[in-house]
Structures are given as structure tokens and as C-alpha cells.
Amino acid sequence: MGLNDTPSSERLHIGIFGSRNAGKSSLINALTHQNLAVVSDVAGTTTDPVYKSMEILPLGPVVLIDTAGIDDEGDLGALRVQKTKQVLNKTDVALVVIDSSKGIQKFDQEIIDLIIQKSIPYLIVMNKADLKRTENDLCISCKTGQGIEELKQALIRLVPKENQDKKIVGDLISAGDVVILVTPIDESAPKGRLILPQQQTIRDILEAKACSMVVQETELKTALSKLAMPPKMVITDSQVFKKVAADLPDEIPLTSFSILMARYKGNLKQQADGAKYLRQLKDGDTVLISEGCTHHRQCNDIGSVKIPGWIKDFTKKELSFEFTSGTEFPLDLSKYAMIVHCGGCMLNEREMKYRLKCADDAKIPMTNYGMLIAYIHGIFDREFILKNI
């Protein structure tokens, strides 16, 4: 992936909901001016959520999510409806498509109520007719294109304005500052490229008109010796937190990509407090380790191998571990004593906050990789972001 590509996690997620044959897939084709979605008169053509990353002017980079009909029937249909409702957890703006010849049905109202409950900005899109518009609805015709441009302008007005100027690290540095990024190249590193948080952080540093110096952990001392002045900060991959902390003078601020992502996307204090729960784990407890992406597990994988090992060594307890990845996240968290999540670079902010809220509601402590590793290695008081929350 190039630095100029907008990752899915940073795109506006537009969820499209409605009954079967209301015109959800037709709306996607009309919005994009392409035949991206399969359209058929047969009810239930879309059976699972389909994600399409697009550039839609004047909206910019978006992810359109085409969902199964919320009126689907039978046991399989119920599972499809459940998946459709789960899409709300990552939806920034919702479009509810209504077949105007039928009006708003019971299933439509149920999904609208859920959208309102989750405080998601939304529009009701009346397809196939020309009806009077109210505050939250808009008339369109996917067949003729009527109202599509007006819909795009309405979407722009709905896009949440808060947090649009958030930075990963740019608000912590000034033009001309030097930031050292420590990125190990080992068997778990993707061949030929940097991982997404590293790419995003470099871009953020460049936009701040600061300078980034990227080194492996074995070259940190050499890099420091070649600078005329100390760097503004050092950002490290969590796996080498301990070595970098040992090699770095105390007066130089230290943090990790994972901690910066927690600050950028979620509740930093909740996850910092969650790491401290390690000391309260008991024999027989089960720890959930959850990742937002799916990747091939290496023999020394951080999530499934290193972190369980570090937790066992630190707690000296007999613990069980369960693992989820990608879009999987348990609806029932009651069996877990603690949750350890990755930095969430592949999840958008709404989904990351949803997972944190699920844990908070269930009163299950939740932390992330970087915070857990910093706590295990005694770096909490050394890491300048955690020290100041």
C-alpha cells in the first residue's frame, strides 16, 4: 500500500440499510455511477455485508456498505439480519432505503430506532417516487438519477464534524522537530513494506513539517549519536519497548505506535487502567486477545504467542487464552477476565469505540498491546503520554 492511499479505517463508512428489493444496491450504483453492486428483481440478492472502497466526489474517500435485507426470513435470514445490525457498529453515516410504494414498514422502523439509539447520523431515502421531504428523508430515483446529487450534498452535511482535525502525533510536535521511529524488521514484519500505523505516523509527521528518522532497534544508539540535538520523541514498535527504553536517555520522550493509535481512536485512560488489571488475574481466568485485522500467523506471532507468554511470565498464573481477529468480536464477554486488543489500525474509530464500550458495559478491563507491554516491562512511568493522562 502506498502512502497516498487512504486506508479503509480512515474512510467515511456509509452503511446502506433497508428491506429486500428496496433498492439498496441500485443506490450504490447510482451514487458511484458504476455497476458495482448486483441488482436483481429477486428479493435477497445481497446476502452478506459487502464493503466497497470508493472515491465519491465531493465526499472524498468512503467505504460503502451494502447490507442484506432487514426483512429477511427463516433461520438463515435471521443470521443475515444479525450481520446487518452488526454493521451499525462501524457505520459513520446511515442511509435507510425505503420503497416509497410500500412506505416505512415495521422492519424499517426497527433499524431506524437502532440507528437513533446508537447516535448515528442518518437519512431516510425514499426510492422509486417523488414524495414530500421531511428533515431526515430525501426523495430519489435510482433509475433516473433524480435526487442523487442532492443526496451527496445531504451526506456532506451529515458527516460528523468532531475529531476531523485529530492527529496521530502531529499535535505533539512542531515544524522542524526530529522524530525517531523504531521499526523492527523480523519474521513478523511484512515483506517489502511498513505496517499501516508506521505509514500513517510518518505521513502525520510530514504534514507537521517535521522530520522522521526510521531505524531498527539495533541502530537506535547510532542514530542518536549522529544527531546534533536530541529528537523531540522516539516512537517504537511495542515488541521492542523494553530494549528501546533501556537504550534511550530518560530525558527523551518515548511512546509506541500502539499507544498513539489508542490515543487517536479510543479511550486512552480506559485502556491504561485495563493494563493494570494484570495484577488481579487469578488461576483459571480466561483472557481474550483480539486483533482488528486478519493475517497469516507467524511462529513467533505477537498476538497468539508473545503476549500470552509475557502475561504468563508476569502474572505467574495458570490462564486460558482465546483469540479473535478481523470483524469477529464476541457479543457475550462475560466469560473473560480481561481483553487485550491490538492498536486497531484496521478498524475505524466508531468500531473501536464500540468494542471499548462493550467491554466497559460488561465491566471487563480492556487494554491494548502497547499498553500491556509497557506495563509488563515497567515502562508506564517512562512513557510520556501515559504519564500525563
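Predicted model only: the values in this text are computed from it and were never measured.

Cut-offs used in this document
- Residues numbered from 1 in each chain as written.
- Predicted model: local features only at pLDDT ≥ 70, side-chain atom pairs only at ≥ 80, totals over all residues.
- Heavy atoms only, no water.
- Helix = DSSP H or I, 4+ residues; strand = E, 2+ residues; numbered from the N terminus.
- Buried < 20%, exposed > 50% of the residue type's maximum accessible area, 1.4 Å probe, protein only.
- Contact = heavy atoms within 4.5 Å.
- Expected span 1.5 Å × (residues − 1).
- Arc of directions from axis to C-beta.
- Pairing = 2+ DSSP bridges.
- Axes fitted to C-alpha atoms, helices over the stretch in contact; angles between N-to-C directions.
- Salt bridge = Lys/Arg side-chain N within 4 Å of Asp/Glu carboxyl O.
- Core = buried A, V, L, I, M, F, W, Y, C linked by side-chain atoms within 4.5 Å.
- Polar contact = N/O pair within 3.5 Å; in protein donor to acceptor, adjacent residues only side chain to side chain.
- Phe/Tyr/Trp six-rings, centres within 6.5 Å; stacked < 30°, edge-to-face > 60°.
- Parallel < 35°, antiparallel > 145°, perpendicular 65-115°, else oblique.
- Left-handed = near helix turned anticlockwise from the far one by under 90°.
- Nonpolar A, V, L, I, M, F, W, Y, C, P; charged D, E, K, R; others polar.

Novice: Could you give me a rundown of the overall build of the protein, with the residues and numbers involved?
Specialist: Per the secondary structure count, the protein includes 13 helices and 14 strands. Taking all 389 residues of the protein together, the buried fraction comes to 53%. Within the protein, contacts between residues separated by at least 24 positions form 73% of all contacts whose residues are at least 6 apart in sequence.

Novice: Tell me what's going on with helix α11 (residues 349–361), and back it up with residues and numbers.
Specialist: The terminal C-alpha atoms of α11, which comprises 13 residues, lie 18 Å apart, in line with the 18 Å expected from a rise of 1.5 Å per residue. Within the span of α11, buried status applies to Glu351, Met352, Arg355, Leu356 and Ala359. Looking straight down α11, one finds its buried side chains confined to an arc of 140°; they lie on one side. In α11, the exposed positions angled more than 90 degrees off the buried face are occupied by Lys357 and Asp361. Tucked into the core, α11 has its buried residues touching α8 (257–265), α9 (268–275), β11 (286–290), β13 (338–341) and β14 (366–368).

Novice: Hey, could you go over the sheet that holds strand β8 (residues 211–215) for me, with residue numbers and the actual values?
Specialist: With respect to topology, four strands assemble into an open sheet ordered β8-β7-β9-β10, the strand pairing being parallel. Only two strands of the sheet have a single neighbouring strand rather than two, namely β8 and β10 (254–256). Neighbour to neighbour, the strand axes of the sheet diverge by 25° on average, direction disregarded. Together, β7 (178–182), β9 (233–236) and β10 form the strand contacts of α8, whose direction differs from that of β10 by roughly 75°.

Novice: How would you explain the sheet that holds strand β12 (residues 320–324) if you had to name every residue and give the values?
Specialist: Taken together, the four strands give an open sheet; going across it, the order is β12-β11-β13-β14, and neighbouring strands pair in parallel fashion. Whereas interior strands pair on both sides, the edge strands pair on one side only; in this sheet they are β12 and β14. Strand-to-strand twist in this sheet, taken as the mean axis angle between neighbours without regard to direction, amounts to 25°. One ladder, built from four bridges, connects β11 with β13; its direction is parallel. Paired with Ser290 across the bridge in β13 is His341.

Novice: Explain the pattern of salt bridges to me, using residue names and the numbers behind them.
Specialist: Inspection of the entire model under this criterion finds 19 salt bridges. Between Arg382 and Asp250 there is a salt bridge, with its nearest N and O atoms 3.7 Å apart. In this pair, Arg382 sits in the loop between α12 (369–376) and α13 (384–387) while Asp250 sits in the loop between α7 (241–247) and β10, placing the two residues 132 residues apart along the sequence. Under the relative-accessibility criterion, Arg382 is labelled buried at 13%. The exposure class assigned to Asp250 is exposed, which follows from its relative accessible area of 63%. When the shortest N-O distance is used, the salt bridge between Lys357 and Asp361 registers 2.8 Å.

Novice: Which residues make up the side chain of Glu351, and what values do they have?
Specialist: Residue placement: Glu351 occurs in helix α11. Those residues in contact with Glu351, other than ones at most four positions away along the chain, are Asn89 and Lys90.

Novice: Tell me about the nonpolar core, and name the residues and values.
Specialist: With 61 residues, the main nonpolar core has Ile311, Val340, Met371 and Leu372 as its most contacted residues. For this core, the element with the most residues is α12, which contributes seven residues. Sequence-distant contacts of Ile311, defined by excluding residues within four places in its chain, comprise Leu278, Leu281, Val287, Lys316, Leu319, Phe321, Val340, Leu372 and Ile376. If you look at the next biggest cluster of nonpolar residues, it comprises 26 residues, including Ile16, Ile56, Leu138 and Leu155.

Novice: Got a sec to walk through the side chain of Asp99? Specific residues and values, please.
Specialist: Checked against the element boundaries, Asp99 lands in strand β4 (residues 93–99). Of the polar contacts made by the side chain of Asp99, one reaches the side chain of Ser101; its length is 2.6 Å.

Novice: Account for the packing of aromatic side chains, with residues named and values stated.
Specialist: Across all of its chains, the model carries two aromatic pairs by this definition. Seen in terms of ring centroids, Tyr375 and Phe380 are 5.2 Å apart; in terms of plane orientation they differ by 75°. Their pairing is edge-to-face. Accessibility assignment for this pair places Tyr375 and Phe380 in one class, buried. Here a set of aromatic residues connected by ring pairs shows up, and it is made of Phe314, Tyr375 and Phe380.

Novice: Which residues make up unusual backbone geometry, and what are the values?
Specialist: Of note, Asn21 is a non-glycine position whose phi angle comes to about 65°, a positive value. Position of Asn21 relative to the elements: it lies in the loop between β1 (12–18) and α1 (24–32). Phi at Ser119 is positive, roughly 60°, even though this residue is not glycine. Residue Ser119 is classed as exposed on the basis of its relative accessible area of 59%.

Novice: Explain helix α5 (residues 196–207) to me, using residue names and the numbers behind them.
Specialist: In an α-helix, one turn spans 3.6 residues; hence positions three or four apart end up facing the same way. Here α5 spans 17 Å end to end across 12 residues, near enough to the 16 Å set by a 1.5 Å rise per residue. Burial analysis of α5 places nine of its 12 residues in the buried class, the great majority of the element. Among the residues of α5, Leu196, Pro197, Gln198, Gln199, Gln200, Thr201, Ile202, Asp204 and Ile205 are the ones counted as buried. The inward-facing, buried residues of α5 abut β7, β8, β9 and α8.

Novice: If you had to explain the packing of helix α10 (residues 302–315) against α12 to someone new, which residues and values would you point to?
Specialist: Remark: α10 packs on α12, axes separated minimally by 11 Å, with the N-to-C direction vectors making an angle of 30°. Classified by the interaxial angle, the pair formed by α10 and α12 is roughly parallel. Relative to α12, the crossing made by α10 is left-handed. On α12, the residues that touch Ile302, Gly303, Ile307, Trp310, Ile311 and Phe314 of α10 are Tyr369, Leu372, Ile373, Tyr375 and Ile376. Counted by class, the contact of α10 with α12 contains 10 nonpolar, one polar and no charged residues.

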